[in-house]
There are 2 protein chains.
Amino acid sequence: MLKCDLCGRRAVIYQRFANRHLCKRHFVEHFERRVKYAIKKFNMIEKGDKIAIALSGGKDSVTLTYVLHKLYGHRNDLEFVAITIDEGIEGYRPPTVKIAKKITKELGIEHHVVSFKDNFGMTLDEMVKIGEKKPCTYCGVFRKYLLNKTARELGCTKLATGHNLDDEVQTILLNFLQGDIARLARLIPQRVQEGLVMRIKPFREVYEKEVVVYGLLHGLPMDLNECPYSHFPVRDVVRDFIYNFEEKYPGRKFSIMRSFEALIPCLKQMFPQIELNKCERCGEPTPKKVCQACVLLEELRSKLGKTS
Amino acid sequence: MLKCDLCGRRAVIYQRFANRHLCKRHFVEHFERRVKYAIKKFNMIEKGDKIAIALSGGKDSVTLTYVLHKLYGHRNDLEFVAITIDEGIEGYRPPTVKIAKKITKELGIEHHVVSFKDNFGMTLDEMVKIGEKKPCTYCGVFRKYLLNKTARELGCTKLATGHNLDDEVQTILLNFLQGDIARLARLIPQRVQEGLVMRIKPFREVYEKEVVVYGLLHGLPMDLNECPYSHFPVRDVVRDFIYNFEEKYPGRKFSIMRSFEALIPCLKQMFPQIELNKCERCGEPTPKKVCQACVLLEELRSKLGKTS
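Residues numbered from 1 in each chain as written. Chains lettered and ligands numbered in written order. Predicted model: local features only at pLDDT ≥ 70, side-chain atom pairs only at ≥ 80, totals over all residues. Heavy atoms only, no water.

Colleague: How should I be thinking about the overall build of chain A in this particular structure?
Modeller: The secondary structure content of chain A amounts to 12 helices and 9 strands. The C-alpha atoms of chain A give a radius of gyration of 20 Å, which matches the 19 Å a tight globule of 308 residues would have. Counting only C-alpha atoms, chain A reaches 70 × 45 × 40 Å along its principal axes. Burial analysis of chain A (308 residues in total) assigns 53% to the buried set. Contacts spanning at least 24 positions in sequence make up 72% of the contacts within chain A whose residues lie at least 6 apart. (Helix = DSSP H or I, 4+ residues; strand = E, 2+ residues; numbered from the N terminus. Rg over C-alpha atoms; globule rule 2.2 N^0.38 Å. Buried < 20%, exposed > 50% of the residue type's maximum accessible area, 1.4 Å probe, protein only. Contact = heavy atoms within 4.5 Å.)

This is the structure we're talking about:
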C-alpha cells in the first residue's frame, strides 16, 4: 500500500510535480487550496458577485460546481447559478444534462438549461447537416453566445468555466507555436468588457487528472465520454507533447503557465481592450457590426431556405 | 527527376514550408535573400562595421563565413575577421580547426585561433577531468569569454555566430517551456552592452537543413561530427517535438520565431539592460563583481593544486 507522504495514511494520488503521494484528506486540502489561490490571485470572486457556472455536465464543470459550492456556498454575499447549454448532440448531450440537473438539485443551486433549438431554431446536429463549417465553429460561437447572454440576463457578474491547467497550457502553447500572440492575449484573465460577463477559470492551477480524482473521491456523477464532433488534430499533437514533456520533466505545465503569466502585463499593453459594439441585429456585444452568431445563423437559414 | 517549381530545372531541395522544389540557382537566391533580410531587419551589419565571425569549423559557421564574404566581402566600408576557439577536445576539434584555416585562407579572411590552453593553462579535456561541472558549462563560459575578448581586442564592432532558425527556435521554446522568461529575453537581437561586442545571427531566418544544402552545393568543407561532450537531454526532447510538429504543420518554426519577435518590445521593457561591471580580476564585462570565467578558473586551479 502506498502511503501519504504527509501522514502515512493510504495514498489516493501521486503528484508527480511534487514527487509525493497524498491521502484523500491531504489531497483534497491541497486541491482546494490551489483553487482558492487561483481565485484570489486574479480576484475571480469578489464581494457581491453573482456567479454563473457553465455546467456542461462533464467532469470538469461538475467538479467545479461542487467545489465552488463547498468553498463559497456559505457566503451570504455571493450567489451561484448554473447554466447548461444543450447544443442538441444526440446521444452525447442528454446524459450530461441529466447529470447537471442532478448535481444542481443535490447542491440546491438554481439551474437553467438553454438550448440551441429554442434559441436558434435548430440543434447542432441539424446545423452540421445544413452548414459547411466545422461543428466546433458553430458550437463554439453559439455556446459562448448563449452562456454570456443567459448569464448577463440573470444578472450575473462572473461566468465560471471548468478549464483546468492542462486545457489552459495547451491553448497557451498552441497559440505560441502558431505565432498567434493576439490569440494568446485573449487568455489574459479578468478583462472587463462592456456587455461581456467576465469569465473566470478557478481550475487554472489544478491538473486535469486531479480534477478527475477529486470528483471520483467525492462520488460526483461523471460522464467521461467525449463529444462525437471533437476533432482538434493540432491541439492533440500539442497535448501529447506536453504530456510526454511533463512525464519526463514534472511540473512543466506550471512552468508554461508561469511563462504566460509573466507576459500578461506586456500582452495587455500590446493588445489594449477594444470597445465592443452592440450587434445591429441582436444587440449582443461584438467587435464588428454584426456578431458572429448572427452571421452564422443567416448563412444556415439561407441554406435551409434553399434546401427546403 | 524533381523539377524546380520556378524554372523547371533539376531541383536540389524541397522547401516544405513553402511546398515547393527549387533548383540550385533559385534556392541559393532565396537563401541569400533571407540572410540579407534578417541582417537588414535587425541592422546586423552597418557602415564601418568590423565583423568577427565565430568560426568553429562546423557546417553552420563555415557556411556563414562563405555567405558573409560573398554578400558583403566587396564592401570597402566593412571588414571581416574570423576567430576560432580551440577548446582542446581531442579528436573532435583539430579537424575543424583545419577546416577553419582552409576556408579563411581560400577566402582571404584574417583568421585567429585562440586556445583554452594558452589562455587558461588547460584544455577543456583537462578541465573536465579536474572539475565537477558539466563540460558544456566550462565550454560555454570560456568560449564566449574568449570570443568576446578577442573580437573586442581586434577592434570588432560585431560578432557573428552561425545560429540558424532551428537553433534559435529550440532555445526560444525551451525557455518558454521552462518558464524562464528572463532567459528568453537574452535572445533579443542587437542589445548594446558596454564591453560586450554585439552578437549577430545572420542565419536566424534559414533552416538548418538549408544551411547544409547551401554548403554542400558550394562544395564547402564540412565536418558534421558532433562534439563528444554534447549532451542536452531537455533540448533534444524539444528539438524532436519541433521536428515532428514542423513535419505535420510546415512553417511552424517560422511561427515560433514570429511569436518571439512579437514579444521583443515587451521583453525589452520587462528586462531593461543591466549595467555591466568590469570583473575585479580580469577586467572583462560581468553583471557581478567577478566574472564567471574567473570563478570557474579559480575552482579548477584550486582542485589542480590539491591533486598535484
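The structure having been displayed, the exposition proceeds.
Colleague: So what exactly am I meant to see when it comes to the pairing of strand β5 (residues 110-115) of chain A here?
Modeller: Along any regular strand the residues' side chains alternate between the sheet's two faces. All names here are of chain A. Taken together, the 6 bridges between strand β4 (residues 79-86) and β5 define a ladder with parallel strand orientation. Of the residues in β5, the one forming a bridge with Ile-85 is Val-114. Once the chain exits β4 it traverses helix α3 (residues 93-107) before rejoining the sheet at β5, and the crossover so formed is right-handed. (Pairing = 2+ DSSP bridges. Right-handed = clockwise from strand over helix to strand, strands pointing away.)

Colleague: Honestly, the relation of the copies chain A and chain B in this entry has me stumped. Any pointers?
Modeller: Superposing the two chain copies requires a rotation about an axis and a translation along that axis. With an RMSD of 0.0 Å, the fit of chain A onto chain B corresponds to turning through 180° and sliding 0.0 Å along the axis. Both chain copies can therefore be described as sitting about a two-fold axis. Considering only C-alpha atoms, the part of chain A nearest the rotation axis is Cys-266 of chain A, at 2.6 Å. Interface residue correspondence from chain A to chain B reaches 100%, placing this contact among same-surface, isologous pairings. (Least-squares fit on C-alpha atoms with pLDDT ≥ 70 in both.)

Colleague: Even after reading the chapter, I still don't get the interface of chain A and chain B, so can you show me in this structure?
Modeller: A common way to report how large an interface is uses the accessible area buried once the components associate. Each partner contributes residues to the interface: chain A has 27 residues there, and chain B has 27 residues. Contact with chain B buries surface across chain A, with Phe-176, Leu-177 and Phe-241 of chain A losing the most and accounting together for 27% of the total. Run the count over chain A and chain B and you get 9 residue pairs in polar contact (both at pLDDT 80 or more). Mapped onto the side of chain A that touches chain B, the elements with two or more residues apiece are α7 (165-177), α10 (233-248) and α11 (252-270) of chain A. In terms of residue count, the dominant contributor to the side of chain A that touches chain B is α11 of chain A (10 residues). Of the residues in the side of chain A that touches chain B, the class split is 18 nonpolar, 6 polar and 3 charged. (Buried area = accessible area lost by both parts, 1.4 Å probe. Polar contact = N/O pair within 3.5 Å; in protein donor to acceptor, adjacent residues only side chain to side chain. Nonpolar A, V, L, I, M, F, W, Y, C, P; charged D, E, K, R; others polar.)

Colleague: Hey, could you run me through helix α6 (residues 135-153) of chain B in this one?
Modeller: Note on helix geometry: an α-helix contains 3.6 residues per turn, so any two residues three or four positions apart are oriented the same way. Residues and elements named next belong to chain B. The end-to-end C-alpha separation of α6 is 27 Å, in line with the 27 Å expected for 19 residues at 1.5 Å each. Buried residues of α6: Pro-135, Tyr-138, Cys-139, Gly-140, Phe-142, Tyr-145, Leu-146, Leu-147, Asn-148, Thr-150 and Ala-151, and no others. Once α6 ends, the next one or two residues include Gly-155, with phi positive near 80°. (Expected span 1.5 Å × (residues − 1).)

Colleague: Explain the packing of aromatic side chains to me, please; I cannot follow it from the model alone.
Modeller: Geometry of an aromatic ring pair is reported as the spacing of the ring centres plus the angle between the planes. Residue and element names in this part refer to chain B. Enumeration according to the criterion identifies 28 aromatic pairs over all chains in this entry. Measuring from centroid to centroid gives 4.5 Å for Phe-120 and Phe-142, while their planes differ by 45°, and the two rings are tilted. Within this pair, whereas Phe-120 is found in helix α4 (residues 116-120), its partner Phe-142 is found in helix α6, the two being separated by 22 residues in sequence. The pair formed by Phe-120 and Phe-142 is uniform in burial state, with each residue classed as buried. (Phe/Tyr/Trp six-rings, centres within 6.5 Å; stacked < 30°, edge-to-face > 60°.)

Colleague: I would appreciate a short explanation of the sheet that holds strand β7 (residues 198-200) of chain B in the present structure.
Modeller: Hydrogen bonds between backbone atoms are what pair the strands of a sheet, whose relative direction is either parallel or antiparallel. Residue and element names in this part refer to chain B. A sheet is described by the order of its strands in space; here 5 strands give the open sequence β5-β4-β3-β6-β7, paired in parallel fashion. The strands lining the two open edges of the sheet, one partner per strand, are β5 (110-115) and β7. Neighbour to neighbour, the strand axes of the sheet diverge by 30° on average, direction disregarded. Here strand β6 (residues 158-160) runs beside β7; their pairing, made up of 3 bridges, is parallel. Of the residues in β7, the one forming a bridge with Ala-160 is Ile-200. In the packing of helix α2 (residues 59-72) onto the sheet, the strands contacted are β3 (50-54), β4 (79-86) and β6, and the crossing angle to β3 comes to about 155°. Its contacts with the sheet place α6 against β3, β4, β5, β6 and β7, and it is angled at close to 150° to β4. (Axes fitted to C-alpha atoms, helices over the stretch in contact; angles between N-to-C directions.)

Colleague: Explanation requested: the sheet that holds β5 of chain A in the structure shown.
Modeller: Residues and elements named next belong to chain A. Across the sheet, which stays open at both edges, the 5 strands sit in the order β5-β4-β3-β6-β7 with parallel pairing between neighbours. Looking at the sheet topology across the chains shown, the edges are occupied by β5 and β7 (198-200). The mean angle between the axes of side-by-side strands here comes to 30°, regardless of whether they run parallel or antiparallel. Here 3 bridges tie strand β3 (residues 50-54) to strand β6 (residues 158-160), and the two strands are oriented parallel to one another.

Colleague: Mind showing me how you'd approach the packing of helix α2 (residues 59-72) of chain A against helix α9 (residues 208-217) of chain A here?
Modeller: Pairs of packed helices are described in terms of their axes, by the angle between the two and the distance that separates them. Residues and elements named next belong to chain A. With their axes 9 Å apart at the nearest point, α2 and α9 run at an angle of 65° to one another. Classified by the angle between their axes, α2 and α9 sit roughly perpendicular to one another. Handedness of the crossing formed by α2 with α9: left-handed. From α2, Lys-59, Asp-60, Thr-63, Tyr-66, Val-67 and Lys-70 reach across to α9, where they touch Glu-208, Val-211, Val-212, Tyr-214 and Gly-215. Broken down by class, the residue content of the contact of α2 with α9 amounts to 5 nonpolar, 2 polar and 4 charged. (Parallel < 35°, antiparallel > 145°, perpendicular 65-115°, else oblique. Left-handed = near helix turned anticlockwise from the far one by under 90°.)

Colleague: I tried to follow helix α10 (residues 233-248) of chain B on my own but got confused; where do I start?
Modeller: Counted at 1.5 Å a residue, the expected span for α10 of chain B with its 16 residues is 22 Å, and the 23 Å between its end C-alpha atoms agrees. All of the buried residues in α10 of chain B are Val-237, Val-238, Phe-241, Ile-242, Phe-245 and Glu-246 of chain B. One face of α10 of chain B carries all of its buried residues, which in axial projection span an arc of 160°. Those residues of α10 of chain B that are buried are in contact with α7 and α10 of chain A together with α7 (165-177) and α11 (252-270) of chain B. (Arc of directions from axis to C-beta.)

Colleague: Before we go on, may I ask you to explain the environment of Leu-173 of chain A in this structure?
Modeller: Position of Leu-173 of chain A among the secondary structure elements: in helix α7. Given a relative accessible area of 0%, Leu-173 of chain A falls into the buried group. In the structure, Leu-173 of chain A is positioned 101 residues away from Tyr-72 of chain A in sequence and 32 Å away in space, judged by C-alpha atoms. For Leu-173 of chain A, the contacting residues outside a window of four places in its chain are Val-238, Phe-241 and Ile-242 of chain A together with Leu-173, Phe-176 and Leu-177 of chain B.

Colleague: Would you mind showing me how to read the side chain of Ser-255 of chain B here?
Modeller: Positionally, Ser-255 of chain B belongs in helix α11. The exposure class assigned to Ser-255 of chain B is buried, which follows from its relative accessible area of 11%. Beyond its immediate sequence surroundings of up to four residues, Ser-255 of chain B is in contact with Phe-176, Leu-177, Gln-178 and Gly-179 of chain A.

Colleague: Would you explain the environment of Gly-131 of chain A in this entry?
Modeller: Residue and element names in this part refer to chain A. Looking at where Gly-131 falls in the secondary structure, it is placed in the loop between α5 (124-130) and α6 (135-153). For Gly-131, a relative accessible area of 14% puts it in the buried group. Counting along the chain gives 116 residues from Gly-131 to Gln-15, while the straight-line C-alpha distance between them is 45 Å.

Colleague: Looking at this structure, how should I read the pattern of salt bridges?
Modeller: If charged atoms from side chains of opposite charge come close, those side chains can pair. Residue and element names in this part refer to chain B. For the coordinates displayed, the defined rule picks out 56 salt bridges over all chains. Across the pair Glu-261 and Lys-41 runs a salt bridge whose closest N-O atoms are separated by 2.6 Å. Of this pair, Glu-261 sits in helix α11 while Lys-41 sits in helix α1 (residues 24-41), and the two are 220 residues apart along the sequence. Using a relative accessible area of 13% as the deciding quantity, one classes Glu-261 as buried. With relative accessibility at 32%, the residue Lys-41 sits in the partly exposed group. (Salt bridge = Lys/Arg side-chain N within 4 Å of Asp/Glu carboxyl O.)

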